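# Reading the structure
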Amino acid sequence: QVQLVESGGGLVQAGGSLRLSCAASGFTFSSYSMYWVRQAPGKGLEWVSGINPNGIRINYVDSVKGRFTISKDGAKNTVNLQMNSLKPEDTATYFCNAHRYNWGTTFWGQGTQVTVSS
């Protein structure tokens with residue numbers, strides 16, 4: 001079965017760091033673009049970062065540029081998000097998303113909670 005399992009969330013103080021991981025299984029990982037999307041309490045979904053299948057194209061929302069780094073490990077079928085210099089406004093549930101263009105196939109993880117205290 002298709003699974004995307006996020007881990008690494010937690011409670012940290014402002015300025016701290018966390019490393020999120022998303023373990024993928026049940027589909028051809030190398031054919032999918034991978035994304036991190038977050039949802040703050042009472043807010044809508046916000047795209048945070050993405051990486052294309054070959055790992056060459058990487059993008060970030062402006063608010064996290066210079067602080068977050070996305071990466072992937074094809075051998076382990078995982079995508080990671082290193083988050084440094086965390087701010088209270090980064091508090092959200094972070095979801096891992098896999099998308100295959102042309103076919104429009106999309107998979108979502110259950111999310112991992114990140115809470116940043118002032």
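Note: the structure precedes this text.
Quick look at the structure, then. Fair warning: this is a prediction, and the values are worked out from it, not measured in the lab. (Residues numbered from 1 in each chain as written. Predicted model: local features only at pLDDT ≥ 70, side-chain atom pairs only at ≥ 80, totals over all residues. Heavy atoms only, no water.)

## Overview of the environment of Gln 3
Its place among the elements puts Gln 3 in strand β1 (residues 3–7). For Gln 3, a relative accessible area of 36% puts it in the partly exposed group. Contact partners of Gln 3, with chain neighbours within four places excluded, come to Ala 23, Ala 24, Ser 25 and Phe 27. (Helix = DSSP H or I, 4+ residues; strand = E, 2+ residues; numbered from the N terminus. Buried < 20%, exposed > 50% of the residue type's maximum accessible area, 1.4 Å probe, protein only. Contact = heavy atoms within 4.5 Å.)

## Some remarks on the state of the cysteines
Evaluated as defined, the whole model comprises one disulfide. The disulfide that involves Cys 22 links it to Cys 96, with 2.1 Å between the sulfurs. Note on the Cys 22 and Cys 96 pair: the S-S dihedral is about -80 degrees, so by sign convention the disulfide is left-handed. Linking Cys 22 in strand β3 (residues 18–25) with Cys 96 in strand β9 (residues 92–100), this pair joins segments that are 74 residues apart in sequence. Just as Cys 22 is buried, Cys 96 falls in that class too. (Disulfide = S-S within 2.5 Å.)

## Description of the pattern of salt bridges
All told, the structure shown has four salt bridges when counted by the stated rule. Here Glu 46 and Arg 38 are joined by a salt bridge, their closest N and O atoms 2.8 Å apart. The exposure class of Glu 46 is partly exposed, given its relative accessible area of 32%. Among the residues examined, Arg 38 registers a relative accessible area of 5% and is labelled buried. (Salt bridge = Lys/Arg side-chain N within 4 Å of Asp/Glu carboxyl O.)

## Brief notes about the sheet that holds β1
The strands making up a sheet associate through backbone hydrogen bonding, with each pair oriented either parallel or antiparallel. Taking strand neighbours across the sheet as the criterion, the four strands line up as β1-β3-β8-β7 in an open arrangement whose pairing is antiparallel. Taken across any chain shown, the strands that pair with only one partner, and hence form the sheet edges, are β1 and β7 (68–73). If you compare each strand with its neighbour and ignore which way they point, the axes differ by 15 degrees on average. The sheet contact formed by β1 and β3 spans five bridges and is antiparallel. Bridge pairing in β3 places Glu 6 opposite Cys 22. (Pairing = 2+ DSSP bridges. Axes fitted to C-alpha atoms, helices over the stretch in contact; angles between N-to-C directions.)

## Overview of the side chain of Arg 67
With respect to the helices and strands, the residue Arg 67 is situated in the loop between β6 (58–60) and β7. Polar contacts involving the side chain of Arg 67 include one to the main-chain carbonyl oxygen of Ser 63, which spans 2.9 Å. At 3.0 Å, the side chain of Arg 67 and the backbone oxygen of Ser 85 are in polar contact. The residues touching Arg 67, leaving out its near neighbours within four places in the chain, are Gln 82, Met 83, Asn 84, Ser 85, Leu 86, Lys 87 and Asp 90. (Polar contact = N/O pair within 3.5 Å; in protein donor to acceptor, adjacent residues only side chain to side chain.)

## Let's talk about the pairing of strand β11 (residues 112–117)
Because side chains alternate across β11, one face comprises the buried residues Thr 112, Val 114 and Val 116, and the other comprises Gln 113, Thr 115 and Ser 117, none of which is buried. Two strands pair when backbone bridges link them, and strand β2 (residues 10–13) and β11 are joined in this way by four bridges, in the parallel orientation. Note that in β11 the partner of Leu 11 across the bridge is Thr 115. Note: β9 against β11, three bridges, orientation antiparallel. Paired with Tyr 94 across the strands is Thr 112, a residue of β11.

Note that every value here comes from positions in space, so none of it alone points to a role or purpose.
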